[in-house]
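Residues per chain are reported as follows:
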Number of protein chains: 2
Amino acid sequence: MTKAQETRQRIISTTMDLLMQQGYHATGLNQIVQESNAPKGSLYFHFPKGKEEIVAEALNLAGEWTCSHVAEALQAHDSVADAVAAITLSFAHLLEEDNYGKSCALLTVAQEVGDDDVLLRKALDEGFAGWYQLFVDMFVKAQFPQQAAERWADLTLSAIEGAQALARGQRSVRPLENTAAMLRLLIGNAQQMYDMNQG
Amino acid sequence: MTKAQETRQRIISTTMDLLMQQGYHATGLNQIVQESNAPKGSLYFHFPKGKEEIVAEALNLAGEWTCSHVAEALQAHDSVADAVAAITLSFAHLLEEDNYGKSCALLTVAQEVGDDDVLLRKALDEGFAGWYQLFVDMFVKAQFPQQAAERWADLTLSAIEGAQALARGQRSVRPLENTAAMLRLLIGNAQQMYDMNQG
DNA sequence: GTCTATATGAGGATAGAC
DNA sequence: GTCTATCCTCATATAGAC
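Being a predicted model, the structure only gives us computed values, none of them experimental.

Details of the interface of chain B and chain A
Turning to step 1, where the next piece is worked out: Contacts between the two partners involve 45 residues from chain B and, on the opposite side, 45 residues from chain A.
Turning to step 2, where the next piece is worked out: Summed over both sides, the interface of chain B with chain A buries roughly 3900 Å², with 57% coming from carbon and sulfur.
Turning to step 3, where the next piece is worked out: It is Gln-111, Leu-166 and Met-182 of chain B that lose the most area in chain B upon contact with chain A, and together they represent 17% of the buried surface on that side.
Turning to step 4, where the next piece is worked out: Along the contact surface separating chain B from chain A lie 4 salt bridges.
Turning to step 5, where the next piece is worked out: At the junction of chain B with chain A, the criterion picks out 16 residue pairs in polar contact (both at pLDDT 80 or more).
Turning to step 6, where the next piece is worked out: Looking at the side of chain B that touches chain A element by element, the count peaks at 16 residues for helix α8 (residues 146-170) of chain B.
Turning to step 7, where the next piece is worked out: Of the residues assigned to the side of chain B that touches chain A, the class counts are 20 nonpolar, 14 polar and 11 charged.

Below, the structure written as structure tokens:
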């Protein structure tokens, strides 16, 4: 990777971090430049479309990061129920580490953008769609029928994202822990049922 | 209500609306003044602490609004399962009406504030805590044991908030509809179980 | 590719007349 | 209580030298 590419990547990952903490509008270009130790003069060389382009790239990074995070958890656990619980709890650890000041970048930005921010809308749509598909596939592989897999995917994803928001709002891991426990229990029950029908 | 109080209330409810659309940092005082048809000169008479005070009041209003919304749904439906599904779907209608440009004010603001915004942190904490307690009580009244009620409350609340975020990000009511269907099914099953143990 | 300097506008907040 | 005018800071973005 050339030096220029390194700078580019450092800007993007710093931006992702700031988005998780403050969201879109509170994150300024000056702050991005400072915290990434990037040369300010070359910002518009690397990202000709300005702030929106930087943030869109940061959202893509957040999407990829989460996808690999989920994939890891699936490999590390025998059951879907355990994997989902582990994923949910990992966000609890993330929040505790950062004093309840971070949540998923797509979650923060999604609440701020309007119709005009075309680049961001696209990045958000693709990011969420990617996660949804990942979860649907996970449930399908675990023998859930297609419609059930889709519904479980939405419920699971919604609960994980929402629990992050609640945990951050209340500065407590309780919502994430309770959500993790419930998801493990309920997904486990459903799994048993589908296994019996199968076998 | 005096004219001054009316102005005050109009500012607060306009702010709540803007928070739902854009969040905290994107909402400016000028915009609040314009859209509420309030006199700019009296902003700091009504709210001496400035923007943070206005937003804190708007968050309180959002909290109260949702509480009464939930209470209504509970009265209108026989079972907790149906009430929860109805509440979830009502957010789908809200989103469709406004072209997927609105979500819960506490949800949007919670993703943007840091440690310094003391007033906002307090308003968020109280708002979320109020909802949580409301849901816990609901499940307890429906014969759920205390710990189960707490866990179901967090899962339900998380799922509803998260589904709003996903729906907004993907501009689709699918996450809300799937989440509503799942919550109705799962809460219904749990209810049956606890009813049997009871009777 | 990176620098400095700057254009241009919007943000929140305040002062003082009425 | 409401008005106008204004201050100060910060934002994004651009221009032009190197």
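Digging into unusual backbone geometry
Turning to step 1, where the next piece is worked out: One non-glycine residue, Gln-143 of chain A, adopts positive backbone phi at about 80°.
Turning to step 2, where the next piece is worked out: By the secondary structure assignment, Gln-143 of chain A is in the loop between α7 (118-141) and α8 (146-170).
Turning to step 3, where the next piece is worked out: With a phi angle near 50°, Arg-171 of chain B is a residue other than glycine that sits in the positive phi range.
Turning to step 4, where the next piece is worked out: Inspection of the secondary structure assignment puts Arg-171 of chain B in the loop between α8 and α9 (174-198).

Thoughts on the relation of the copies chain B and chain A
Turning to step 1, where the next piece is worked out: When chain B is fitted onto chain A, the two copies agree to an RMSD of 0.0 Å after a turn of 180° and an axial shift of 0.0 Å. Seen this way, the second copy is the image of the first under a two-fold rotation axis.
Turning to step 2, where the next piece is worked out: A symmetric contact is evident, with 100% of the interface residues of chain B recurring at the interface of chain A.

A few points about the protein's contact with DNA strand C
Turning to step 1, where the next piece is worked out: In the vicinity of DNA strand C, 15 residues are found, and the nearest of them are Pro-39 and Gly-41 of chain A together with Leu-29, Asn-30 and Tyr-44 of chain B.
Turning to step 2, where the next piece is worked out: Sugar and phosphate atoms represent 68% of those atoms of DNA strand C found within 4 Å of the protein.
Turning to step 3, where the next piece is worked out: The separation between a base nitrogen of DNA strand C and a polar main-chain atom of Gly-41 of chain A is 3.3 Å.
Turning to step 4, where the next piece is worked out: Thr-27 of chain B has a polar backbone atom sitting 3.5 Å from a phosphate oxygen of DNA strand C.

Here's the deal with the state of the cysteines
Turning to step 1, where the next piece is worked out: The final tally for this structure, using the stated rule, is 0 disulfides over all chains.
Turning to step 2, where the next piece is worked out: For Cys-67 of chain A, which is in no disulfide, the shortest distance to another cysteine sulfur is to Cys-104 of chain A and amounts to 11 Å.

Observations regarding the environment of Ala-148 of chain A
Residue and element names in this part refer to chain A.
Turning to step 1, where the next piece is worked out: Structurally, the position occupied by Ala-148 is in helix α8.
Turning to step 2, where the next piece is worked out: Given a relative accessible area of 14%, Ala-148 falls into the buried group.
Turning to step 3, where the next piece is worked out: Taking C-alpha positions, Ala-148 is 9.6 Å from Ala-190, a pair spaced 42 residues apart along the chain.

Regarding the protein's contact with DNA strand D
Turning to step 1, where the next piece is worked out: The full set close to DNA strand D counts 14 residues, and Leu-29, Asn-30 and Tyr-44 of chain A together with Pro-39 and Gly-41 of chain B are the nearest of them.
Turning to step 2, where the next piece is worked out: A share of 68% of the atoms of DNA strand D within 4 Å of the protein falls on sugar and phosphate groups.
Turning to step 3, where the next piece is worked out: Leu-29 of chain A has a polar backbone atom sitting 2.8 Å from a phosphate oxygen of DNA strand D.
Turning to step 4, where the next piece is worked out: Within the side chain of Asn-30 of chain A, a nitrogen or oxygen atom sits 2.9 Å from a phosphate oxygen of DNA strand D.
Turning to step 5, where the next piece is worked out: Among the elements of the structure, α2 (29-36) of chain A together with α3 (43-46) of chain B are those that each provide at least two residues to the surface near DNA strand D.
Turning to step 6, where the next piece is worked out: When the residues that make up the surface near DNA strand D are grouped by side-chain class, the tally is 5 nonpolar, 7 polar and 2 charged.

Some thoughts on the side chain of Ser-103 of chain B
Turning to step 1, where the next piece is worked out: Mapped onto the fold, Ser-103 of chain B is located in the loop between α5 (80-97) and α6 (105-110).
Turning to step 2, where the next piece is worked out: Filtering out sequence-adjacent residues up to four positions away, Ser-103 of chain B remains in contact with Gln-111 of chain A together with Met-20, Thr-108, Gln-164 and Arg-168 of chain B.

Quick look at the environment of Ser-158 of chain A
Turning to step 1, where the next piece is worked out: Tracing the sequence through the fold places Ser-158 of chain A in helix α8.
Turning to step 2, where the next piece is worked out: The exposure class of Ser-158 of chain A is buried, given its relative accessible area of 0%.
Turning to step 3, where the next piece is worked out: Residues within four places of Ser-158 of chain A in sequence aside, it is in contact with Ser-158, Ala-159, Gly-162, Ala-163, Leu-166 and Thr-179 of chain B.
Turning to step 4, where the next piece is worked out: One polar contact links Ser-158 of chain A to Thr-179 of chain B, side chain to side chain, over a distance of 3.4 Å.

Describing the packing of α5 of chain B against α8 of chain B
Residues and elements named next belong to chain B.
Turning to step 1, where the next piece is worked out: Where α5 meets α8, the closest approach of the two axes is 11 Å, and the angle between their N-to-C directions is 20°. With respect to α8, the element α5 is oriented roughly parallel. Crossing hand, α5 versus α8: right-handed. Facing α5, whose interface residues are Val-84, Ile-87, Thr-88, Phe-91 and Leu-95, α8 presents Thr-156, Ile-160, Gln-164, Ala-167 and Arg-168.
Turning to step 2, where the next piece is worked out: Grouping the constituent residues of the contact of α5 with α8 by class yields 6 nonpolar, 3 polar and 1 charged.

Examining the packing of helix α1 (residues 3-22) of chain B against helix α4 (residues 51-76) of chain B
All names here are of chain B.
Turning to step 1, where the next piece is worked out: In the contact formed by α1 and α4, the axes pass within 8 Å of each other and the chain directions differ by 80°. As far as their axial angle goes, α4 and α1 are roughly perpendicular. Taking contact as the criterion, the partners of Arg-8, Ile-11, Ile-12, Ser-13, Thr-15, Met-16 and Leu-19 in α1 are, on α4, Ile-54, Val-55, Glu-57, Ala-58, Leu-59, Leu-61 and Ala-62.
Turning to step 2, where the next piece is worked out: Among the residues making up the contact of α1 with α4, the classes are represented as 10 nonpolar, 2 polar and 2 charged.

Quick word on the packing of aromatic side chains
Residue and element names in this part refer to chain A.
Turning to step 1, where the next piece is worked out: What the rule picks out here adds up to 10 aromatic pairs over all chains.
Turning to step 2, where the next piece is worked out: Measuring from centroid to centroid gives 6.3 Å for Phe-144 and Trp-152, while their planes differ by 85°, and the two rings are edge-to-face.
Turning to step 3, where the next piece is worked out: With a relative accessible area of 3%, Phe-144 lands in the buried category.
Turning to step 4, where the next piece is worked out: A relative accessible area of 4% places Trp-152 in the buried class.
Turning to step 5, where the next piece is worked out: Look at Phe-144 and Tyr-194: their rings are 4.7 Å apart centre to centre, the planes differ by 50°, and that puts the pair in the tilted class.

Quick notes on the rules
- Residues numbered from 1 in each chain as written.
- Chains lettered and ligands numbered in written order.
- Predicted model: local features only at pLDDT ≥ 70, side-chain atom pairs only at ≥ 80, totals over all residues.
- Heavy atoms only, no water.
- Contact = heavy atoms within 4.5 Å.
- Buried area = accessible area lost by both parts, 1.4 Å probe.
- Salt bridge = Lys/Arg side-chain N within 4 Å of Asp/Glu carboxyl O.
- Polar contact = N/O pair within 3.5 Å; in protein donor to acceptor, adjacent residues only side chain to side chain.
- Helix = DSSP H or I, 4+ residues; strand = E, 2+ residues; numbered from the N terminus.
- Nonpolar A, V, L, I, M, F, W, Y, C, P; charged D, E, K, R; others polar.
- Least-squares fit on C-alpha atoms with pLDDT ≥ 70 in both.
- Near = heavy atom within 4 Å.
- Disulfide = S-S within 2.5 Å.
- Buried < 20%, exposed > 50% of the residue type's maximum accessible area, 1.4 Å probe, protein only.
- Axes fitted to C-alpha atoms, helices over the stretch in contact; angles between N-to-C directions.
- Parallel < 35°, antiparallel > 145°, perpendicular 65-115°, else oblique.
- Left-handed = near helix turned anticlockwise from the far one by under 90°.
- Phe/Tyr/Trp six-rings, centres within 6.5 Å; stacked < 30°, edge-to-face > 60°.

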